[in-house]
Amino acid sequence: MNEAYSRPEAGQVPVLRLGDILLVTLQGDLHDSTAQQLQQDLSETIVSAGVTGVVIDISGVEIVDSFLGRVLAEIAAQASLLAARTVVAGMRPAVAITLVELGLTLPGLRTALDAQAAMALLEQPVVRSHAGGMRRERA
Amino acid sequence: MPEHEAGGPLGTPTLEVRDFLRRRREQIAQRWADEPLFRAVFTLSRDEAVEAGKAVVDALAQVADAQRVEDSDAAGFTGVREQLGRMSASRSRAGLSITQVSNELASLWPPVDKLLTSELEERPAEELRACTTALSTLMGTLRVVAVQTALSEGQALIDRQRLQLLEVATPVIRLWDGIVAVPLIGTLDSARSQVVMETLLNAVVDQHARFAILDITGVPTVDSLVAQHLMKTVAAARLMGAECVISGIRPAIAQTMVHLGLDLGSVLTRASLADALGYCLNELGVAVSGPADGSAVRR
């Protein structure tokens, strides 16, 4: 499994590549410039490395606002345009409650309990259900 | 004692009342022990009642000493506050209203007043009146303290029980490895829904649950607010990576929800808790076989 930091510069969110999957771990506050840089990094890496899935681990995020909710939704939309699935993993209860209270239920986003569950989710093949949404297919 | 009485002017009426209380401590306590309030509270031993009476008299004397007969927050009362609270609580338990307890406290005044009047008989009428006024004010303040204590104890009890109700009413049950359920019972309001949401989400994290079942069999009515709370809980659980199933919607509630135009379309629902569990087991890939024909679990 080849593993490398896409850009080892300070003040940036590291993007790890694990096989066909990109792993992003968000911690603490996410600033506007960092978020923009992350979106750019991700889309470039998806294209250049040909990955099929992105896992965003936000278990280290304690406080959330509408900005982070929008960034997550945008990343998912971008990845989906580039034929990669995005899974948000490890959201804390307080963060989930805040997002729901803000009205950000992120309907298009896949979620998982932790990074491991997210990887397992991405390893499953995809079928399209009649409603047009993605559905997990059990082996 | 007579020397003391004949010792000329003794200062203000309040201080005189204080001296009177200290001198007659034993006598007052004995008389109080015969009053219905003390008799009813200290049923076992009269000595105990006398001791309690003495403590109250000491507190009154201390308050009079500090010249704060009208102040229910006076430091002297802190010592007897607990005792007064216990006494009025025991009377309340016996079925007396707060007014009746207050009246019983008021009946503590006449015996003391009689003693004071007989002791200061030879004094000029003016002085006597000043002293009885000071004493009556002091007894009035004692009554206020007792009622305050009783009320605050009642409030504390209500607060404690409200918290207990919130805790008791929302147990999260682990049905299977990776499946948790909350059986909701009783009316859901904002505060309860919030507690349900928090405990459920924490259980999802702690038990690593992929499925959460909200069973509303015990919820008598569902209005738009309750439905909104349910939707929020489902959405939050989904954000965390767990799938939420609502079960136990009774026919009448289903009709009401449709009439109200509430849309639970995005939420997974099952008729009963058993059906919901069956669905979750099936999704987890767990097969349950019956004893006779080995039929699979219902979907």
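From a predicted model like this one, the values you see are computed outputs, not experimental measurements.

Reading the values: the criteria
Residues numbered from 1 in each chain as written. Chains lettered and ligands numbered in written order. Predicted model: local features only at pLDDT ≥ 70, side-chain atom pairs only at ≥ 80, totals over all residues. Heavy atoms only, no water. Helix = DSSP H or I, 4+ residues; strand = E, 2+ residues; numbered from the N terminus. Buried < 20%, exposed > 50% of the residue type's maximum accessible area, 1.4 Å probe, protein only. Contact = heavy atoms within 4.5 Å. Areas by Shrake-Rupley, 256 points an atom, 1.4 Å probe, with all protein chains shown as cover. Phe/Tyr/Trp six-rings, centres within 6.5 Å; stacked < 30°, edge-to-face > 60°. Patch = residues over 30% accessible without salt bridge, like charges linked within 9 Å, V, L, I, M, F, W, Y side chains within 5 Å. Salt bridge = Lys/Arg side-chain N within 4 Å of Asp/Glu carboxyl O. Pairing = 2+ DSSP bridges. Axes fitted to C-alpha atoms, helices over the stretch in contact; angles between N-to-C directions. Core = buried A, V, L, I, M, F, W, Y, C linked by side-chain atoms within 4.5 Å. Buried area = accessible area lost by both parts, 1.4 Å probe. Polar contact = N/O pair within 3.5 Å; in protein donor to acceptor, adjacent residues only side chain to side chain. Nonpolar A, V, L, I, M, F, W, Y, C, P; charged D, E, K, R; others polar.

Enquirer: Hey, could you run me through the overall build of chain A in this one?
Expert: Of the regular secondary structure elements, chain A holds 4 helices and 7 strands. Reading chain A from its N terminus to its C terminus gives the helix and strand order β-β-α-β-α-β-α-β-α-β-β. A total of 139 residues make up chain A; the buried ones form 42% of that total. If you take every contact in chain A between residues at least 6 apart in sequence, the share linking residues at least 24 apart comes to 63%. Roughly 7,500 Å² of accessible area belongs to chain A as shown, and the carbon and sulfur atoms make up 51% of that amount.

Enquirer: I'm lost on the packing of aromatic side chains in this one. Help?
Expert: Think of a pair of aromatic rings as described by two things: how far the centres are apart, and how the planes are tilted against each other in angle. Residue and element names in this part refer to chain B. Applying the stated criterion to the full structure yields 3 aromatic pairs over all chains. Ring centres of Trp32 and Phe38 lie 6.1 Å apart, and the angle between their planes is 15°; on these two criteria the pair is classed as stacked. With a relative accessible area of 1%, Trp32 lands in the buried category. Since its relative accessible area comes to 1%, Phe38 is described here as buried. A centroid spacing of 6.2 Å and a plane angle of 85° characterise the contact between Phe211 and Tyr279, whose relative ring orientation is edge-to-face. Of this pair, Phe211 sits in strand β3 (residues 211–218) while Tyr279 sits in helix α13 (residues 273–284); the two residues are 68 residues apart in sequence, bridging distant segments of the chain. The exposure class of Phe211 is buried, given its relative accessible area of 0%. One aromatic cluster is present, formed by Trp32, Phe38 and Phe42 through successive ring pairs.

Enquirer: When you look at the side chain of Thr86 of chain A in this model, what are you seeing that I'm missing?
Expert: Tracing the backbone shows Thr86 of chain A in strand β4 (residues 85–89). Beyond its immediate sequence surroundings of up to four residues, Thr86 of chain A is in contact with Val54, Ile56, Ile75, Ala76, Ala79 and Arg110 of chain A.

Enquirer: What should I look at first to understand a nonpolar patch on the surface in this one?
Expert: Residues and elements named next belong to chain B. The grouping of Ile173, Leu175, Trp176 and Leu273 at the surface amounts to a nonpolar patch, some 300 Å² of accessible area in total. Broken down by element, the nonpolar patch gets its largest block of residues, 3 residues, from strand β1 (residues 173–176). Topologically, Ile173 is positioned in strand β1.

Enquirer: Explanation requested: the pattern of salt bridges in the structure shown.
Expert: Note on pairing: side chains with opposite charge can pair once their charged atoms come close. Residue and element names in this part refer to chain B. By the definition in use, this model includes 15 salt bridges over all chains. The closest approach of N and O atoms between Glu119 and Arg23, which form a salt bridge, is 2.2 Å. Of the two residues, Glu119 sits in helix α8 (residues 109–119) while Arg23 sits in helix α2 (residues 13–23), which places them 96 residues apart along the sequence. The residue Lys54 makes a salt bridge to Glu51 at a minimum N-O spacing of 3.6 Å.

Enquirer: Mind showing me how you'd approach the sheet that holds strand β1 (residues 15–18) of chain A here?
Expert: Residues and elements named next belong to chain A. Pairing within the open sheet is mixed, and its 5 strands lie in the order β1-β2-β3-β4-β5. With one partner strand each, in any of the chains shown, β1 and β5 (110–112) form the two edges of the open sheet. On average, each strand axis in the sheet is inclined to that of its neighbour by 25°, with strand direction left out of account. When strand β3 (residues 53–60) meets β4, the two strands line up parallel, connected through 5 bridges. Directly across from Gly53, in β4, lies its bridge partner Arg85. Here helix α4 (residues 115–123) sits on the sheet and contacts β1, β2 (21–27), β3, β4 and β5; the angle it forms with β4, its principal contact strand, is near 160°.

Enquirer: Looking at this model, I keep getting lost on the nonpolar core. Mind explaining?
Expert: What tends to happen in soluble globular proteins is that the nonpolar side chains get buried as a cluster. Membership of the largest hydrophobic core comes to 65 residues, with the highest contact counts inside it found for Leu26 and Met91 of chain A together with Leu184 and Leu214 of chain B. Per-element tally for this core: the top contributor is helix α11 (residues 224–239) of chain B, with 8 residues.

Enquirer: What am I meant to see in the interface of chain A and chain B here?
Expert: Interfaces are often described in size by the accessible area the parts lose on coming together. Taken residue by residue, the interface counts 20 residues in chain A and 21 residues in chain B. In this assembly, chain A packs against chain B so that about 1,700 Å² is buried in total across both faces, 57% of it on carbon and sulfur atoms. Close ionic contact of Glu101 of chain A with Lys232 of chain B constitutes a salt bridge, the shortest N to O distance being 3.2 Å. Where chain A meets chain B, there are 7 residue pairs in polar contact (both at pLDDT 80 or more). Elements with a contribution of two residues or more to the side of chain A that touches chain B: α3 (93–101), β5 and β7 (134–136) of chain A. Among the elements that take part in the side of chain A that touches chain B, α3 of chain A stands out by supplying 6 residues, more than any other. Split into classes, the residues belonging to the side of chain A that touches chain B amount to 12 nonpolar, 2 polar and 6 charged.

Enquirer: I'm lost on the pairing of β1 of chain B in this one. Help?
Expert: Where β1 of chain B meets strand β2 (residues 179–185) of chain B, 3 bridges bridge the pair, whose relative direction is antiparallel. Each bridged residue has a counterpart across the sheet, and for Arg174 of chain B the counterpart in β2 of chain B is Val180 of chain B.

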